[in-house]
Amino acid sequence: MSRPGIARLRTLARRCYATPAAAVTQPTFPGITNPKPPTTGQPLARSHAHLVRAGELTPGISAAEYESRRRRLMESLPAGSVVVCMGGTVRLVSQQIFYRFRQATDFWYLTGFDEPDAVAVLVSKPSSPRGYEYVLFVPPRTPHALQWEGDCAGVDGAVSVFGADEAFANTELPSRLPALLSHAAEVYASLPPSPSPSASSQPHPPPSRRRSSLLKLFHRDAPAGAFNWKSFDNDPPHLVLSAALASDAAKPLARVVEHLRIRKSPAELALMARAGEISARAHCQVMRFARAGGTEANLQATFEYHCALGGSERPAYVPVVASGANALVIHYTRNDCVLGQDDMVLIDAGGEYHMYASDITRTFPVAGRFSPAQRDLYTAVLNVQKDLVARCKPGEANLNELHRESCVALGRELKQIGFNLSPGDVERTLYPHFLSHHVGSDLHDCPSAERGVILSEGHVVTIEPGVYVPRDPRFPKAFHGLGVRIEDEVAVTKDGPWVLTPAPKEVAEVEAACQA
Ligand code: GLY
Ligand code: MN
Ligand code: MN
């Protein structure tokens, strides 16, 4: 696949998502009318023209791109393979209270279908026009579902809108799956979603969730041990499903889908650039808003408000908003302390935009100016971060090598500002986490990817070195209790690194944003 360089990608991102240059303004869409309630289930171009353009199946991604993903997946598998890909299910906070639904990532990547309790089956069929058969099992359109959940695609929409060759109500999965699997040479399956802790003990499902949940099919007791695809004839359907998909007979689907997902297309990069831009602006607003006596919680609220105004549907993760020595706790997410005048704030926060995550960390002084020690430590981390960003070029290095380089470089920088380091101090105490991970639809994208794989075009990785100085006499007192991390997402392009997260980073930029 020939890939455009940075300039072309930037233009594409701008053309698709023209944005006001200044801080977030409320977007308006004069002339667009939506059918209410929507008659299509999820947003489509005909119902939500402000979100989905003609030719796109989901915001920013065309129907043709989804087709190409499925085709490339099937072409990458042995002849005779069958793929069973589970969609996500609704998770419960407690009892009858549910979280907002978020589709399972691999299922989304292959289908663009945004309803819970769906399953995609792809059957290798070289003699067919598309080279495989695409079958969707979806929630049926019932009067009850229409009244409680609103309209959905249903079996007809699964074919006419989502391009399935055949579609069935998800309740038919147990009876139809055996036939679809019966000639499979290989089966690649994702495991069924695990239930929320309280889902199985829930005595009375809420009326709105009474439709058939696939969970019920998968979480009855499955027989242990190996499963033979050809021997299911006499087993009850739910046992067939549970055993088939959980046993050694099925190969994990995640690894082969992640092999595709790890290289982002130009359309995906445009979405990720927009996600990064929205979140970068929200970081600016947080720097501006922070005051001594204010709270970490209100910084989080400010960040999330500006992300939402920019079009982000949800936070990509629970943010770290750590003032002062709270920054030494790597996964600090309580975010419930008051900001001190002399504190720095380490904020690791990003919004999700049309199913693509962003991931940014910035560290800034509440007072608007770094103290000398804060500035020294910040500059040490910044120097390393920028050098490592510059290394994100195709064929240059793998993540393990970049991490080792970041440890060495941090050691060198810290010695220059007065640290007297012993072997292991950097890796074990001052910088105990890894430099990088892939980002995409999942925050820690494609976890099956080896850190030893050389960076190549289309990869998007974070570069996030940090230093966290405990109150330990081995380290200079002036730095005790300070924590700094700086994190950007970098797209690897043939023209070099493209930073997708343009939040203030240089000392002068950060101080200017704080004082704006
Ligand atoms: N925000 C989590 C991470 O940086 O990996
Ligand atoms: Mn990260
Ligand atoms: Mn992060």
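Residues numbered from 1 in each chain as written. Chains lettered and ligands numbered in written order. Predicted model: local features only at pLDDT ≥ 70, side-chain atom pairs only at ≥ 80, totals over all residues. Heavy atoms only, no water.

To keep it simple, the criterion reads: UniProt positions are given in the numbering used here, feature names are shortened, and annotations may be inferred rather than shown by experiment.
The name that an unreviewed UniProt entry assigns to the protein chain is X-Pro aminopeptidase, with the source organism given as Cutaneotrichosporon oleaginosum. Per UniProt, the protein chain has the following entry under Cofactor (unreviewed entry): "Mn(2+)".

### A word on the overall build of the protein chain
Rule in force here: Under the scheme used here, helices are H or I runs from DSSP no shorter than 4 residues and strands are E runs no shorter than 2 residues, and both carry numbers assigned from the N terminus. For the exposure calls, accessible area comes from a 1.4 Å probe over protein chains only, and a residue counts as buried if that area is under 20% of its type's maximum, exposed if over 50%, partly exposed in between. When checking whether two residues touch, look at their non-hydrogen atoms; a contact exists if any pair is within 4.5 Å. Computed with the Shrake-Rupley method and a 1.4 Å probe, the accessible areas treat only the protein chains shown as cover for residues.
For the protein chain, the helix and strand inventory stands at 15 helices and 21 strands. Per-residue burial over the protein chain gives 54% buried out of 516 residues. Expressed as a percentage of contacts within the protein chain between residues at least 6 apart in sequence, the contacts between residues at least 24 apart total 72%. As presented, the protein chain carries roughly 22400 Å² of accessible surface, and 54% of it is formed by carbon and sulfur atoms.

### A word on the site of ligand 1
For the record, the criterion: Definition of nearness: a residue and a molecule or strand are near each other if at least one heavy atom of the residue lies within 4 Å of the molecule or strand. In protein, a polar contact requires one atom able to donate a hydrogen and another able to accept it; more generally it is a pair of N or O atoms within 3.5 Å, and residues adjacent in sequence count only if both atoms are side-chain atoms. Three categories are distinguished: nonpolar for Ala, Val, Leu, Ile, Met, Phe, Trp, Tyr, Cys and Pro, charged for Asp, Glu, Lys and Arg, and polar for the others, with Gly belonging to the last.
Neighbouring residues of ligand 1: Tyr317, Asp348, Asp359, His437, Leu443, His444, Glu464 and Glu487. A distance of 2.6 Å separates an oxygen atom of ligand 1 from a polar atom in the side chain of His444. Expressed as a share of its isolated accessible area of 200 Å², the protein-covered part of ligand 1 is 83%. Broken down by class, the residue content of the shell around ligand 1 amounts to two nonpolar, two polar and four charged.

### Section: the coordination of the manganese ion (ligand 3)
Note the following rule: In this description, a donor is an N, O or S atom within 2.8 Å of the metal centre, a cutoff extended to 3.2 Å for sodium, potassium and calcium. Water is not part of the atom list, which can make sites seem incomplete. Metal sites are grouped by the angles between bound donors: all angles between 85 and 135 degrees with four donors is tetrahedral, opposite donors over 155 degrees apart with the others between 65 and 115 is square planar for four donors and octahedral for six, and any other pattern is irregular.
Protein-derived coordination of the manganese ion (ligand 3) comes from Asp348 (OD), Asp348 (OD), Asp359 (OD) and Glu487 (OE), at a distance range of 2.1 to 2.5 Å. The coordination sphere of the manganese ion (ligand 3) comprises six donor atoms, whose angles at the metal cover 55 to 171°; the geometry is irregular. Sequence positions of the donors to the manganese ion (ligand 3) reduce to the motif D-x10-D-x127-E. Taken as an interatomic distance, the gap from the manganese ion (ligand 3) to the manganese ion (ligand 2) is 3.3 Å; Asp359 donates to each of them. Remark: Glu487 occurs in the loop between strand S19 (483–485) and strand S20 (488–493) and Asp348 occurs in strand S13 (residues 344–349); sequence separation between them is 139 residues.

### Focus on the environment of Leu482
Relative to the helices and strands, Leu482 resides in the loop between strand S18 (466–468) and S19. A relative accessible area of 14% means that Leu482 is categorised as buried. For the pair Leu482 and Pro470, spaced 12 residues apart in the sequence, the C-alpha separation amounts to 7.7 Å. Leave out the neighbours within four places in its chain, and Leu482 touches Leu328, Met344, Ala373, Gln374, Leu377, Val467, Tyr468 and Val469.

### Re the environment of Arg314
One can find Arg314 in strand S11 (residues 314–315). Remark: the alpha-carbon pair of Arg314 and Glu352, spanning 38 residues in sequence, is separated by 5.5 Å. Residues contacting Arg314, with those up to four places away along its chain left out, are Arg100, Phe101, Arg102, Gly351, Glu352 and Met355. Among the polar contacts listed, one links the side chain of Arg314 to the backbone oxygen of Phe101, at a separation of 3.0 Å.

### Thoughts on the coordination of the manganese ion (ligand 2)
Here the manganese ion (ligand 2) is held by the protein donor atoms Asp359 (OD), His437 (NE2), Glu464 (OE) and Glu487 (OE), which lie 2.0 to 2.2 Å from it. Coordination at the manganese ion (ligand 2) is irregular: its six donor atoms span angles of 51 to 153° at the metal. In primary-sequence terms, the residues that donate to the manganese ion (ligand 2) follow D-x77-H-x26-E-x22-E.

### What to know about a nonpolar patch on the surface
Note the threshold: Each patch is built from residues that are more than 30% exposed by relative accessible area and take part in no salt bridge. Like charges join if they lie within 9 Å; nonpolar side chains (Val, Leu, Ile, Met, Phe, Trp, Tyr) join within 5 Å. For this document, the term salt bridge refers to a Lys or Arg side-chain nitrogen within 4 Å of an Asp or Glu carboxyl oxygen.
On the surface, Val93, Ile97 and Tyr99 cluster together into a nonpolar patch covering about 300 Å² of accessible area. Looking at the element boundaries, Val93 is found in strand S4 (residues 92–94).

### Structural notes on the nonpolar core
Heads up, the condition is: Among the buried residues, those of types Ala, Val, Leu, Ile, Met, Phe, Trp, Tyr and Cys that are joined through side-chain atoms within 4.5 Å form a nonpolar core.
In terms of nonpolar packing, the biggest core is built from 104 residues, with Leu73, Val83, Leu136, Phe364, Leu377, Leu402 and Phe419 touching the most fellow members. Here this core takes nine residues from helix H10 (residues 266–289), the largest share from any one element. Setting aside its immediate chain neighbours within four residues, Leu377 contacts Leu414, Ile417, Phe419, Val467, Val469, Phe479, Leu482 and Val484. In this structure, Leu173, Val187, Ala189 and Ala250 belong to the second largest nonpolar core, which totals 17 residues.

### Let's talk about the pairing of strand S21 (residues 496–499)
Inclusion rule: In short, DSSP must find at least two bridges between two strands for them to pair.
Looking at chain direction, S20 and S21 are connected through four bridges and run antiparallel. Directly across from Val492, in S21, lies its bridge partner Pro497. Joining the antiparallel neighbours S20 and S21 is a turn of two residues.

### Brief notes about the sheet that holds S11
Reading across from one edge, S11-S14-S15 is the order of the three strands in this open sheet, with antiparallel pairing throughout. Each having just a single partner strand, S11 and strand S15 (356–357) make up the two edges of the open sheet. Pairing analysis gives two bridges linking S11 to strand S14 (residues 351–353), with the strands arranged antiparallel. Bridging across to S14, Pro315 finds its partner in Gly351.

### Topic: empty space enclosed by the protein
Note the cut-off: Here a cavity denotes grid points, spaced 1 Å and computed from the protein atoms alone, that fit a 1.4 Å probe unable to get out, and a pocket denotes an open set having protein on both sides within 12 Å along at least 5 of 7 lines; residues with an atom within 4 Å of a point are the lining. Grid points are joined across faces, edges and corners, and a volume is the space filled by probe spheres set on the points.
Following the criterion strictly, the structure yields three cavities of 30 Å³ or more and no others. Within this model, the largest cavity holds a volume of roughly 50 Å³. Every residue along the wall of the largest cavity is listed here: Arg3, Pro4, Leu9, Pro266, Leu269, Glu457, Gly458, Val492, Thr493 and Lys494. If you list the elements that add at least two residues to the lining of the largest cavity, you get H10 and S20. Residue composition of the lining of the largest cavity, by class: five nonpolar, two polar and three charged.

### Points about the side chain of Arg261
Mapped onto the elements, Arg261 comes out in helix H9 (residues 253–261). At 3.2 Å, the side chain of Arg261 forms a polar contact with the side chain of Asp442. Excluding residues that lie within four positions of it along the chain, Arg261 makes contacts with Thr105, Asp106, Tyr109, Asp442, Asp445 and Cys446.

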